[in-house]
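Here is how the chains run, residue by residue.
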Amino acid sequence: MKFKDLQTSLILGNLQGALKLKHIFLQGFLPNRGLSSYNNKTIFLTNCFGHACMNLPDNLLSRFKPEERYVFKLSSYGKINNTKNLKKTFLKAMKCYNLKVKTCSQQDVPDENSWKIVFFKNTYVEDYHFFKYETQKVISHKLGFTDDRELSINVPHYKNLELIGYYMITNPNAKQLSDTEMKSLEEKLETM
C-alpha cells in the first residue's frame, strides 16, 4: 500500500469511526462499562482517552474496525503540544459527539447522565493521560492501544504527569437503552 493510500485510509477510518461515535451518543448511550468488560479482541481498539471519555462496552467497541480506532486518539482532533492546546482539543473532541463537559472537583459526584474523569498532561513527552472514576473512590485507566489496564483506589502517582483537571462529561441525550434498542444500535453500527 502506498503512503497516500494509507493516509487516505486513516482519514476515512477516522471519519467512519467519528460517525459511529456520534450515532452512539445521539441514540442516548450512557456509559457504564466497568473495567472487566473488555475482551482480548476489543481491548486493543481503544486507549486512555477512549476508555475514560467514550467508555464503550465490548458490544459497541467491537463494531469499530482497526482503522477506525484513531477516533480514540486525542491528537486526531487537534494539537496536543501544550496544556492550553490539550484542553482545547479535548473540548473540541467532546463537542464532536454532542457530549457536554464542565470542570469539577475531585469531590463532585456525577448524576445519572454523567461520568467523571481526571485529565493529565505528560511533561516528559508530548502526550496525555485520562482516568475514569468508576465510583467515587475507585478509578480506572488504560495505557495506549495495549492490554494494560488497571483499577485503583487512588489516582496512581506517575512521574511526569501534571494535572490538567477534573471534568464531568454528560450525554444530554442519555437514556437507559432497552435490550432491543441496544441490539438495534449494534446492527446500525455494523452497516455504517
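Quick caveat, the model's predicted, so the values are computed rather than measured.

Peer 1: Sorry, what's going on with the confidence of the model for the protein chain here?
Peer 2: Do not read the fine detail of predicted coordinates wherever pLDDT is low. Across the protein chain, the average pLDDT comes to 81, with 80% of residues at or above 70. The spread of mean pLDDT over the elements of the protein chain runs between strand E5 (residues 149-152), the lowest at 68, and strand E1 (residues 100-104), the highest at 96. Within the model, the stretch residues 1-10 combines pLDDT values under 50 with three contacts to residues more than four positions away or in other chains.

Peer 1: Could you clarify how one ought to interpret the nonpolar core in this entry?
Peer 2: Proteins that are soluble and globular tend to have nonpolar side chains buried together. Counting 37 residues, the largest nonpolar core has Phe 49, Leu 56, Leu 74, Phe 90 and Phe 130 as its most contacted members. Listing elements by their share of this core, those giving two or more residues are helix H1 (3-26), helix H2 (48-54), helix H3 (58-61), helix H4 (83-96), strand E2 (114-122), strand E3 (127-133), strand E6 (161-170) and helix H5 (179-191). For this core, the element with the highest residue contribution is H2, accounting for five residues. With near-sequence residues (within four places) excluded, Phe 49 lies in contact with Met 54, Val 71, Phe 72, Lys 73, Leu 74, Tyr 77, Phe 90, Ala 93, Met 94, Tyr 128 and Phe 130. Residues Cys 104, Phe 120, Phe 131 and Tyr 133 belong to the second largest nonpolar core, which totals eight residues.

Peer 1: Quick question: what am I supposed to make of H4 here?
Peer 2: Each α-helix turn comprises 3.6 residues. Residues three or four places apart therefore point the same way. The end-to-end C-alpha distance of H4 is 20 Å, a good match for the 20 Å that 14 residues give at a rise of 1.5 Å each. Turning to H4, its buried residues are Asn 85, Leu 86, Thr 89, Phe 90, Ala 93 and Met 94. Viewed along the axis of H4, the buried residues span an arc of 165 degrees, placing them on a single side of the element. The outward face of H4, more than 90 degrees from its buried face, is lined by the exposed residues Lys 84, Lys 88 and Lys 95. Close packing links the buried residues of H4 with H2, E1, E2, E3 and E6.

About the criteria used
- Residues numbered from 1 in each chain as written.
- Predicted model: local features only at pLDDT ≥ 70, side-chain atom pairs only at ≥ 80, totals over all residues.
- Heavy atoms only, no water.
- pLDDT = per-residue confidence, 0-100.
- Helix = DSSP H or I, 4+ residues; strand = E, 2+ residues; numbered from the N terminus.
- Contact = heavy atoms within 4.5 Å.
- Core = buried A, V, L, I, M, F, W, Y, C linked by side-chain atoms within 4.5 Å.
- Buried < 20%, exposed > 50% of the residue type's maximum accessible area, 1.4 Å probe, protein only.
- Expected span 1.5 Å × (residues − 1).
- Arc of directions from axis to C-beta.

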